[in-house]
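Structural description and commentary
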Amino acid sequence: MFSLNGSSIRAKRWKRPCSGKYFEGDDSNAPSTSSSGIEIDSNSSVAGGVEDVYGEDTATEDQFITPWTVSVASGYPLLRDPRYNKGLAFSDKERDAHFVKKMMHNMRQYQVPLQRYMAMMDLQERNERLFYKLLIDNVEELLPVVYTPTVGEACQSTEHFPATQGLFISLKEKGKILEVLKNWPEKKIQVIVVTDGERILGLGDLGCQGMGIPVGKLSLYTALGGIRPSACLPVTIDVGTNNEQLLHDEFYIGLRRKRATGQEYAELMMSSRLQLSRIMERKSLFRIFQFEDFANHNAFDLLEKYGSTHLVFNDDIQGTASVVLAGLMAALNLVGGTLAEHRFLFLGAGEAGTGIAELIALEMSKQIGAPLEETRKKIWLVDSKGLIVRSRMDSLQHFKRPWAHEHEPVKNLLDAVKKPVILALSNPTSQSECTAEEAYKWSQGRAIFASGSPFAPVEYNGKLYASGQANNAYIFPGFGLGLIISGAIRVHDDMLLAASEALATQVSQENLDNGLIYPPFANIRKISAHIAARVAAKAYELGLATRLPQPRNLVEYAESCMYSPNYHNYR
């Protein structure tokens, strides 16, 4: 027995994890600890030795070890806990400035965006509150770092991967998904973002590497929409990948097999859906379930199956549509007329294209009182085979058929574009349909341009053009906050329209004078609060809200509910 001053030292209370739960008991079976939390050897025959409490020295693959932990974090364990660590903010009234200036100075030393991304991810794991303080205070500079376009580059590299920040569910867990979800340490989850990695941004099938997208989205839910970090859960469903490069990459962590399709995929998703239904029924556990970067057929299928009965949301379809509609509403102040007086042309007819088209048609129908079938005729889509027309109906996927109008087949529509509002939405930057410079030069400076990922200002004919960013981050954080504060039971199209209208009203005349159809991201938290208020108001109006009574001032209420990365005082 190792002792100090003749007395053995033992912990009075202890906890040990077992199947995701903690059990308290007396000290009869607990590891010995000192007052500083250091475990003291009670059996070792080596003088001054420390007992192999964890069994790390003697464990084999056939033996289990128990990861003991003390109840209260202090000293080194406290500094290593990202939720409670304050870094240099400890002492001097806890240095409430978070030494953000120092951190941003350090961040700017990295010349390569991917290096900045990794530095930010390291900070998130080391000091969560400082990470969000840095992101909130420098959102215009760091948004392209923690999300598109840099997150796409990170997802493509097996060497840069936020594997510790999310929950993975693979084919091996079929039938046990609820048990897997229960292993997540946080129980009061409000937003889940899930992907199967098949269509990550415009980069294609990245399998498990796609986890960077749910992690990034939820970081923005917190920084831009004020959702607590502990209430966010990133999930990747691993059904394999068809990416040959990843399958032969020694550092790829996903299943090394071709992507499951047909019945095998359907059975896993069926199991997932059943567990999802059980989760959604336990309202105290989960709230919003956001589908992200699924392939077209699966994305539409999931939204169709659950959209009318559960609180599910697809940002690729619905979020993109809402942010684009907001930009078009703002652009009308520059080009004149109403939505119904314009024609809309889409290059691409996938999730984003058809989702945007449908929301525009809904808004036009609402404004002029015309049937949806009529307003759809004002919108044309082009896919890889040319203009979508009625003569192609038999070969079209179901989600393209509403857009097949009477017209002769056309493959080149450049002559139809006279005064364009150009929205190059594909991400990351490398996948953009065109650059800002190309848009302004091609249109001889007449274009109103915005893109999914940011472009630098362009000088053309002696004039500087600052293009906007049609980024979903304008919508989904505030939209999610609105669903939460109202206790909405499902998403309605009118909520998406309300979000678009709220965003469009935030575009100032000064923004319009500079050719911008979106407000600056520097004001995004206030913008999100206004969007949340309009979404919540619509939920109350539609009878879909459960948090009663309705707050008098929804904007103030939304702001009061937003997470702020301030340090807490410790006892």
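Here the residue numbers are simple positions, counted from 1 along each chain's written sequence. Confidence filtering applies because this is a predicted model: local features only for residues at pLDDT of at least 70, side-chain atom pairs given and counted only at 80 or more, and all residues used for totals across whole chains, interfaces and linings. Note that water and hydrogens are dropped before the side-chain values are worked out from all heavy atoms of the structure.

Looking at an unreviewed UniProt entry, one finds the protein named Malic enzyme, with Sesamum angustifolium as its source organism. UniProt positions are given in the numbering used here, feature names are shortened, and annotations may be inferred rather than shown by experiment. As stated in UniProt under Sequence similarities (unreviewed entry), the record for the protein gives "Belongs to the malic enzymes family."

1. As for the overall build of the protein
Secondary structure counts use DSSP, requiring at least four H or I residues in a row for a helix and at least two E residues in a row for a strand, with both numbered from the N terminus. Tallying secondary structure elements over the protein gives 20 helices and 17 strands in all. Burial analysis of the protein (571 residues in total) assigns 53% to the buried set. The long-range share in the protein, meaning contacts at least 24 apart out of those at least 6 apart in sequence, stands at 67%. For every residue, the accessible area (1.4 Å probe, protein chains only) is compared with the maximum for its type, and the residue is labelled buried under 20%, exposed over 50%, or partly exposed between those bounds. Contacts are assigned to residue pairs that have any heavy atoms within 4.5 Å of one another.

2. Quick notes on helix α8 (residues 212-225)
Helix length check: α8 (14 residues) gives 19 Å between terminal C-alpha atoms against 20 Å at 1.5 Å per residue, within 8%. Most of α8 sits out of view: 14 of its 14 residues are buried. Count one or two residues on from α8 and you reach Gly226, which has phi positive near 80°. Helices are assigned an expected span. That span is 1.5 Å times one less than the residue count.

3. Focus: the pattern of salt bridges
Here a salt bridge means any side-chain nitrogen of Lys or Arg lying within 4 Å of a carboxyl oxygen belonging to Asp or Glu. One pass over the full model with this rule turns up 23 salt bridges. Close ionic contact of Glu141 with Arg108 constitutes a salt bridge, the shortest N to O distance being 2.8 Å. Of this pair, Glu141 sits in helix α5 (residues 139-146) while Arg108 sits in the loop between α2 (100-107) and α3 (113-126), and the two are 33 residues apart along the sequence. One salt bridge in this structure joins Arg390 and Glu406, with 3.3 Å as the shortest N-O distance. Within this pair, whereas Arg390 is found in the loop between β12 (386-387) and β13 (421-424), its partner Glu406 is found in the loop between β12 and β13, the two being separated by 16 residues in sequence. In the salt-bridge network here, residues are joined through shared partners; they are Arg199, Asp293, Asp316 and Glu351.

4. A word on the side chain of Gln190
Within the secondary structure, Gln190 sits in the loop between α7 (177-182) and β6 (191-195). According to the relative accessible area criterion, Gln190 is buried, its value standing at 17%.

5. As for the sheet that holds strand β9 (residues 312-314)
For two strands to be treated as a pair, DSSP must find at least two bridges joining them. The 5 strands lie next to each other as β5-β7-β6-β8-β9, forming an open sheet whose pairing is parallel. Strands with a single pairing partner mark the edges of an open sheet, and in this sheet they are β5 (167-170) and β9. Ignoring strand direction, the axes of neighbouring strands in this sheet form an average angle of 25°. Only C-alpha atoms enter the line fits that serve as axes; for helices the fit covers just the stretch in contact. Angles between N-to-C directions range over 0 to 180 degrees.

6. Quick word on the confidence of the model for the protein
Confidence of the predictor at the level of single residues is given by pLDDT, which spans 0 to 100. Looking at the protein, the pLDDT average stands at 82 and 79% of residues meet or exceed 70. Counting interchain partners and residues more than four positions distant, the pLDDT-below-50 stretch residues 1-61 has 82 contacts.

7. Quick notes on the packing of aromatic side chains
Between the rings of Phe, Tyr and Trp (Trp by its six-membered ring), a pair exists once the centres lie within 6.5 Å; its type follows the angle of the planes, with under 30 degrees stacked, over 60 edge-to-face, and the other angles tilted. Counted by the stated rule, this structure contains 12 aromatic pairs. Here a set of aromatic residues connected by ring pairs shows up, and it is made of Tyr440, Phe449, Phe455 and Tyr465. For the cation-ring pair, Arg376 lies above Trp403, with the distance from its terminal atom to the ring centre recorded as 5.7 Å. Think of it as a cone above the ring: NZ of Lys or CZ of Arg counts as a charge over the ring if it is within 6 Å of the ring centre and within 35 degrees of the ring normal.

8. Details of the packing of α2 against helix α4 (residues 128-137)
Two numbers describe how α2 lies on α4: the axes approach to 10 Å, and their chain directions differ by 75°. It follows that α2 is roughly perpendicular to α4 by the angle criterion. Contact residues: α2 offers Val100, Met103, Met104 and Met107, while α4 offers Leu130, Lys133 and Leu134. Charged means Asp, Glu, Lys or Arg here, nonpolar means Ala, Val, Leu, Ile, Met, Phe, Trp, Tyr, Cys or Pro, and polar covers whatever is left, Gly included. Partitioning the contact of α2 with α4 into residue classes produces 6 nonpolar, no polar and 1 charged. Orientation categories follow fixed angle ranges, with anything under 35 degrees roughly parallel, anything over 145 roughly antiparallel, 65 to 115 roughly perpendicular, and all other angles oblique.

9. A word on the packing of α8 against helix α16 (residues 476-486)
Relative orientation of the contacting elements α8 and α16 amounts to 75°, with a least axis distance of 8 Å. Overall, the two elements α8 and α16 adopt an arrangement that is roughly perpendicular. The residues of α16 that touch α8, namely those facing Lys217, Leu220, Tyr221, Leu224 and Gly225, are Phe476, Pro477, Gly480 and Leu481. Here the residues of the contact of α8 with α16 are counted per class, giving 6 nonpolar, 2 polar and 1 charged.

10. A closer look at the environment of Gln444
Mapping Gln444 onto the fold places it in the loop between α15 (436-442) and β14 (448-451). Judged by relative accessible area, Gln444 falls into the exposed class, the value being 59%. For the pair Gln444 and Asn461, spaced 17 residues apart in the sequence, the C-alpha separation amounts to 8.7 Å.

11. Description of helix α13 (residues 351-368)
Given a rise of 1.5 Å per residue, 18 residues ought to cover 26 Å, and the 26 Å separating the end C-alpha atoms of α13 matches this to within 8%. Those residues of α13 lying buried are Glu351, Gly353, Thr354, Gly355, Ile356, Ala357, Leu359, Ile360, Ala361, Glu363, Met364 and Ser365. Once α13 finishes, Gly369 follows within two positions and takes phi at roughly 75°, a positive value.

12. Focus on the nonpolar core
Membership of the largest hydrophobic core comes to 113 residues, with the highest contact counts inside it found for Ile379 and Phe479. If near-sequence neighbours (up to four positions away) are discounted, Ile379 is found in contact with Phe344, Phe346, Ala357, Ile360, Ala361, Met364, Trp403 and His405. Leu167, Ile189, Leu233 and Phe294 belong to the second largest nonpolar core, which has 30 residues in total. Only buried Ala, Val, Leu, Ile, Met, Phe, Trp, Tyr and Cys residues count toward a nonpolar core, and they belong to the same one when joined by side-chain atoms within 4.5 Å.

13. Quick notes on the environment of Ile448
When you line up the elements, Ile448 lands in strand β14. Looking at Ile448, the relative accessible area reads 9%, which means it is buried. Not counting residues up to four positions away in its chain, the partners in contact with Ile448 are Leu334, Val335, Pro420, Val421, Ile422, Gly515 and Ile517.

14. Digging into unusual backbone geometry
Residue Pro428 is bonded to the preceding Asn427 through a cis peptide linkage, with omega at -10°. Within the element layout of this structure, Pro428 appears in the loop between β13 and α15. Residue Asp293 is not a glycine yet carries a positive backbone phi of 55°. The class for Asp293 is buried, based on a relative accessible area of 1%. Its identity is not glycine, yet Asn461 carries a phi of approximately 50°, on the positive side.

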